[in-house]
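Summary of structural features
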Amino acid sequence: TNLSDATWTPLKNTFTTTPSSCSGGASVSALDYHHCSSASVGPSGDLLVALRNLDVVLCFAAGGGGGLRWTLASTDAMSDFAFAHDIDKFYTPHSAVELDDGRILLMDDGKSRPGCTVAQNYAGCWSRAALYSLDFDTMSVSLDWQFEDPLSLDNAQTTSGGGAAALDGVLADD
């Protein structure tokens, strides 16, 4: 099979492409399948990595081993934790950080949220800062706090990038 003839048709658009060229005039549109949108070190030294195009946050163990500790994803089959409600799930995450109390704060861009389409005039699109608690006994995740832009803008797309931070115990959107 010639891979250049292959056609991939995912259920939803979970990837982006990046045009690339090299000397000699050759060019290609490269697949940006994972798109690492953030990496941060938590209070315990563990590394949190957000993969925007897969709607996932990974936690790698501190120390020399660096093995995968857990996965938090909006796709149930990929996640170690279960969301109580589908509306609590995040899409195209950015700026994922672990707070001192172990909760996960991230920017939920929402660009791959179910219902977020040009055909719907972006009616199903919205972004938010979101704070999650992970329960390692029940392997569940709960949405503890969120800030969604209260302004409904016609024809406006969701945030691209952005972040949220905890300041002196008070959450602030930036």
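Residues numbered from 1 in each chain as written. Predicted model: local features only at pLDDT ≥ 70, side-chain atom pairs only at ≥ 80, totals over all residues. Heavy atoms only, no water.

Details of unusual backbone geometry
Phi angles above zero are rare outside glycine, and D55 is one such case at about 55°. With respect to the helices and strands, the residue D55 is situated in the loop between β4 (47-51) and β5 (56-60). (Helix = DSSP H or I, 4+ residues; strand = E, 2+ residues; numbered from the N terminus.)

Re the environment of V56
Within the secondary structure layout, V56 lies in strand β5. Taking the C-alpha atoms as reference, V56 lies 9.8 Å from C36; in sequence the two are 20 residues apart. Setting aside anything within four residues of it in sequence, one finds V56 in contact with V49, A50, L51, T71, L72, A73, M78, F90 and P93. (Contact = heavy atoms within 4.5 Å.)

Some remarks on the sheet that holds strand β11 (residues 140-148)
Pairing in this open sheet of five strands is mixed, and the strands run β7-β11-β10-β9-β8 from one edge to the other. Both edges of this open sheet fall to β7 (82-83) and β8 (93-98), since each of them pairs with a single strand only. Bridging between strand β10 (residues 128-135) and β11 involves eight bridges; their strand directions are antiparallel. Looking across to β11, one finds that S133 is bridged to S142. (Pairing = 2+ DSSP bridges.)

A word on the pattern of salt bridges
The final tally for this structure, using the stated rule, is seven salt bridges. R69 is the partner of D46 in a salt bridge, and the nearest nitrogen-oxygen pair spans 2.4 Å. Taken together, the positions of D46 in the loop between β3 (36-41) and β4 and R69 in strand β6 (residues 68-73) put the pair 23 residues apart, joining distant regions of the chain. On the basis of relative accessible area, D46 is assigned to the buried category, the value being 7%. Judged by relative accessible area, which is 46%, R69 ranks as partly exposed. In this structure, R128 engages D108 in a salt bridge whose closest nitrogen and oxygen atoms are separated by 2.8 Å. One end of the pair, R128, is in strand β10; the other, D108, is in strand β9 (residues 104-108), with 20 residues separating them in the sequence. On the basis of relative accessibility, which here comes to 1%, the residue R128 falls in the buried class. The buried category is assigned to D108, whose relative accessible area is 0%. (Salt bridge = Lys/Arg side-chain N within 4 Å of Asp/Glu carboxyl O. Buried < 20%, exposed > 50% of the residue type's maximum accessible area, 1.4 Å probe, protein only.)

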